[in-house]
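A structural walkthrough
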Amino acid sequence: MSKIVGALLRAAIVVLVVSMPSLVLPGTTPEGAELVVLLALVLAAFTAIEYSSSYPALIEFRDAPPFNRLRLLSLTLMLFVLSMVASGAHDSSLVLVLNAMGLLFGQVLEYPGSPLAAMIHHLPAQSPFITPVQAKVMAGLAIFITLSALIIFAILLRTQKWPDPGRAFNVWINLPTFDPTAGGDVINRLIRDARVNAILGFTITFILPTAGLMISDHLGIRILTSSHGLVWGIALWMFLPLSLFMRALAMARIATMIRDHRARLTAAVGMDGAQPA
């Protein structure tokens, strides 16, 4: 029963997070609201099924908090602060502080050839929804939240020895898409996957804005012509690399745990063999 209640609570949180931009931003169309509701219900149903089941499917590190909690909190903060900036509520002191922070980071990251410069270049000249300065502020805030989440997770790895050293770590439950018996040494495979995830996280930061804009223009979908589309676009632009970097750190940590466990077992076997019969 506690597992089912926890799964339903997580599903409700997912609905709230997905609906947040529509609740904060003005001018939500009925078609857009229906799409958001449908997406929220689908993700909530998937979350409830995943966390209420004893067998994992796709969600990794399900029993190794606060990995997923930190990711969800980061996405929630991104959507909230980006929606506040896009709403244009300049009479709020919170929005003024967010604008100052985002502009500072945006100025540093806007250089020729950067993803931020490419995104601002694709903004319409007379957009009624968003200005280039607002887009720069939003991108700076998203990057700040991403870096903060990575630093917090790295600190948790060191200070709390994530995952909990007092509990057994089930590789199958926490890494359902990773097969430790697929071949080769599991430590080398974990380290290799960690490096691949880190490289992908860095690469997607530069590729995603350009590729996304090219695909959307080819399909006739104008992401940057609405505040809702820009909020979701910038949030996903930073959330995907954040997830990949966190996964890289987590897999490297698990490889270290397995290596240390093997060393302890080898030392114990050596001590037993050295004892006289």
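Further up the page is the structure itself.
Structural notes, computed from the coordinates. (Residues numbered from 1 in each chain as written. Predicted model: local features only at pLDDT ≥ 70, side-chain atom pairs only at ≥ 80, totals over all residues. Heavy atoms only, no water.)

**Quick notes on the overall build of the protein chain**
Test applied: Helical segments are the DSSP runs of H or I of at least four residues, strand segments are the runs of E of at least two, and each set is numbered from the N terminus. Burial classification: accessible surface area is computed with a 1.4 Å probe over protein chains only, and a residue below 20% of its type maximum counts as buried, one above 50% as exposed, and the rest as partly exposed. Here, residues are in contact when the closest pair of their heavy atoms is within 4.5 Å.
In terms of regular secondary structure, the protein chain is built from nine helices and zero strands. Going from N to C terminus, the protein chain has its helices and strands arranged as α-α-α-α-α-α-α-α-α. Within the protein chain, buried positions represent 39% of all 277 residues. Sequence separation of at least 24 residues holds for 76% of the intrachain contacts in the protein chain that already meet a minimum separation of 6.

**A look at the layout of surface pockets**
For clarity, the threshold we go by: Of the two site types, the cavity is a set of points on a 1 Å grid over the protein atoms alone where a 1.4 Å probe fits but cannot get out, and the pocket is an open set with protein on both sides within 12 Å along at least five of seven lines, each lined by residues with an atom within 4 Å of a point. Grid points are joined across faces, edges and corners, and a volume is the space filled by probe spheres set on the points. We call Asp, Glu, Lys and Arg charged. Ala, Val, Leu, Ile, Met, Phe, Trp, Tyr, Cys and Pro are nonpolar, and the rest, Gly among them, are polar.
For the largest pocket, the calculated volume is near 1,200 Å³. Surrounding the largest pocket, 37 residues form its lining, T47, Y51, I59, N68 and R71 being those nearest its centre. For the lining of the largest pocket, the secondary structure elements donating two or more residues are helix 1 (2-24), helix 2 (30-52), helix 3 (67-87) and helix 9 (227-274). Grouping the amino acids of the lining of the largest pocket by side-chain chemistry returns 22 nonpolar, six polar and nine charged.

**Remarks on the side chain of R62**
Note the threshold: For the purpose of counting charges, residues Lys and Arg are taken to be positive, whereas Asp and Glu are taken to be negative. His and the chain ends are not included. Whenever a carboxyl oxygen of Asp or Glu lies within 4 Å of a side-chain nitrogen of Lys or Arg, that contact is scored as a salt bridge. As used in this structure description, the phrase polar contact means that two N or O atoms lie within 3.5 Å; if the pair is within protein, one of them must be able to donate a hydrogen and the other to accept it, and residues adjacent in sequence are counted only when both atoms belong to side chains.
Locating R62 in the fold gives a position in the loop between helix 2 and helix 3. The buried charged residue R62 lacks any salt bridge, with D63 as its nearest oppositely charged partner at 4.2 Å. Reaching out from R62, the side chain makes a polar contact with the backbone oxygen of S53 at a distance of 3.0 Å. Once residues within four sequence positions are removed from consideration, R62 is found in contact with E50, Y51, S53, S54, Y55, P56, N68, I173 and N174.

**Quick look at the pattern of salt bridges**
Following the criterion strictly, the structure yields three salt bridges and no others. For R192, the salt bridge goes to D193, with nearest N and O atoms at 3.5 Å. We classify D193 as buried; its relative accessible area is 17%.

**Description of the packing of helix 3 against helix 4 (residues 93-109)**
Cut-off, in case you're wondering: In this description, a line fitted to the C-alpha atoms serves as the axis of each element, helices being fitted only across the stretch in contact, and the angle between N-to-C directions of two axes falls anywhere from 0 to 180 degrees. Angle categories are assigned with fixed cut-offs, so that under 35 degrees is roughly parallel, over 145 is roughly antiparallel, 65 to 115 is roughly perpendicular, and the rest are oblique.
Contact geometry of helix 3 with helix 4 gives a least axis separation of 10 Å together with a crossing angle of 105°. By the angle class used here, helix 3 and helix 4 are roughly perpendicular. Only L94, V95, L98 and N99 of helix 4 make contact with helix 3, whose side of the interface consists of F80, V81, M84 and V85. Looking at the contact of helix 3 with helix 4, its residues break down into seven nonpolar, one polar and no charged.

**Quick look at the packing of aromatic side chains**
Here is the rule: Ring pairs shown here join Phe, Tyr and Trp side chains whose ring centres sit within 6.5 Å, with only the six-membered ring taken for Trp; geometry is labelled stacked below 30 degrees between planes, edge-to-face above 60, and tilted in between.
Enumeration according to the criterion identifies seven aromatic pairs in this entry. When the ring of F105 is compared with that of F144, the centres are 5.1 Å apart and the planes differ by 55°; the resulting orientation is tilted. Of this pair, F105 sits in helix 4 while F144 is found in helix 6 (residues 132-159), placing the two residues 39 residues apart along the sequence. Its relative accessible area of 26% is what places F105 among the partly exposed residues. Of the aromatic side chains, those joined through ring pairs into one cluster are F61, F67, F153 and W162.

**Some thoughts on the environment of P241**
Inspection of the secondary structure puts P241 in helix 9. With relative accessibility at 2%, the residue P241 sits in the buried group. For the pair P241 and G201, spaced 40 residues apart in sequence, the C-alpha separation works out to 4.2 Å. Not counting residues up to four positions away in its chain, the partners in contact with P241 are G201, I204, T205 and L236.

**Thoughts on a nonpolar patch on the surface**
Where we set the bar: Patch members must show over 30% relative accessible area and no salt bridge, and they are joined within 9 Å when carrying like charges or within 5 Å when they are nonpolar side chains of Val, Leu, Ile, Met, Phe, Trp or Tyr. Values of accessible area rely on a 1.4 Å probe in the Shrake-Rupley scheme; residue burial ignores everything except the protein chains shown.
A grouping of M1, I4, V5 and L8 is seen on the molecular surface, where their side chains present a nonpolar patch of about 440 Å² in accessible area. Relative to the elements of secondary structure, L8 occurs in helix 1. Classification of L8 as exposed rests on a relative accessible area of 52%.

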